[in-house]
Amino acid sequence: MALKRMVLEIGMGTDIRGTDYTKAAVRALRDALWHNSLTIGAAVNQPVDAMQVEVLIGVPKPDQVDHAQVLAILPHGSGSVTVVEGGLEIPNDEGTATTVIANCCAIVRLDL
């Protein structure tokens, strides 16, 4: 058998004032996942925990994202996280706070 890509989910998350890259990344993954209900596993006689999810996150400071907190969002299956430079930082006019935007994709694979 071989891993086959079954689903590509895309999301965006923000931390408005805290400049928290993990919070923005977690929200981006939630955005990608919480708009769907995947029934593909049942359609091919696979349990939901057979899903293997590859999470890709783009934020301005990748080293500041806690991978374990991002993976904790996955409701089923197993996963991996890769964080790369991307997203946006938007400082406020006073220069006292920054909004962080994270982009995310979740690639769901099944061994078929």
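Refer to the structure printed above.
Here goes a summary of the coordinates provided. (Residues numbered from 1 in each chain as written. Predicted model: local features only at pLDDT ≥ 70, side-chain atom pairs only at ≥ 80, totals over all residues. Heavy atoms only, no water.)

Let us now look at the overall build of the protein. Secondary structure summary: the protein contains three helices and five strands in total. For the protein, the N- to C-terminal ordering of α and β elements is β-α-α-β-α-β-β-β. Taken along its principal axes, the extent of the C-alpha atoms in the protein is 55 × 25 × 20 Å. Taken across its 112 residues, the protein has 36% of its residues classed as buried. (Helix = DSSP H or I, 4+ residues; strand = E, 2+ residues; numbered from the N terminus. Buried < 20%, exposed > 50% of the residue type's maximum accessible area, 1.4 Å probe, protein only.)

Two side chains with opposite charge may pair up if their charged atoms get near one another. Applying the stated criterion to the full structure yields two salt bridges. Here K23 makes a salt bridge to D15, at a shortest N to O gap of 3.9 Å. The class of D15 is buried, set by a relative accessible area of 5%. We note a salt bridge from R109 to E54, for which the minimum N-O separation is 2.7 Å. Separated by 55 residues along the polypeptide, R109 in strand β5 (residues 98-111) and E54 in strand β2 (residues 52-59) bring together distant segments of the chain. The partly exposed category is assigned to R109, whose relative accessible area is 21%. (Salt bridge = Lys/Arg side-chain N within 4 Å of Asp/Glu carboxyl O.)

Tracing the backbone through its elements, the reader meets E9 in strand β1 (residues 3-15). In this structure E9 is buried but unpaired, with R5 as the nearest side chain of opposite charge at 11 Å. Looking at E9, its side chain comes within polar contact range of the side chain of N36, at 2.8 Å. Setting aside residues up to four positions removed in sequence, E9 forms contacts with A32, L33, N36, L38, C104, C105, A106 and V108. (Lys, Arg positive; Asp, Glu negative; His and termini not counted. Polar contact = N/O pair within 3.5 Å; in protein donor to acceptor, adjacent residues only side chain to side chain. Contact = heavy atoms within 4.5 Å.)

A few words on the state of the cysteines. Within the structure shown, the criterion is met by zero disulfides. The thiol of C105 is unpaired, and the distance to the nearest cysteine sulfur, on C104, comes to 6.2 Å. On the basis of relative accessible area, C105 is assigned to the buried category, the value being 16%. (Disulfide = S-S within 2.5 Å.)

Residues L29, V53, V55, I57, V59, V65 and V70 are the most contacted members of the largest nonpolar core, which totals 25 residues. Put simply, the parts of the chain that give this core at least two residues each are α1 (21-33), β2, β3 (78-85) and β5. Looking at this core, the element that brings in the most residues is α1, giving seven residues. (Core = buried A, V, L, I, M, F, W, Y, C linked by side-chain atoms within 4.5 Å.)

So, about the environment of T98. Inspection of the secondary structure assignment puts T98 in strand β5. For T98, a relative accessible area of 18% translates into the label buried. Residues T98 and K61, 37 residues apart in the sequence, show an inter-C-alpha distance of 13 Å. In this structure T98 touches D15, I16, R17, G18, T19, E89, I90 and P91, once residues within four positions along its chain are discounted.

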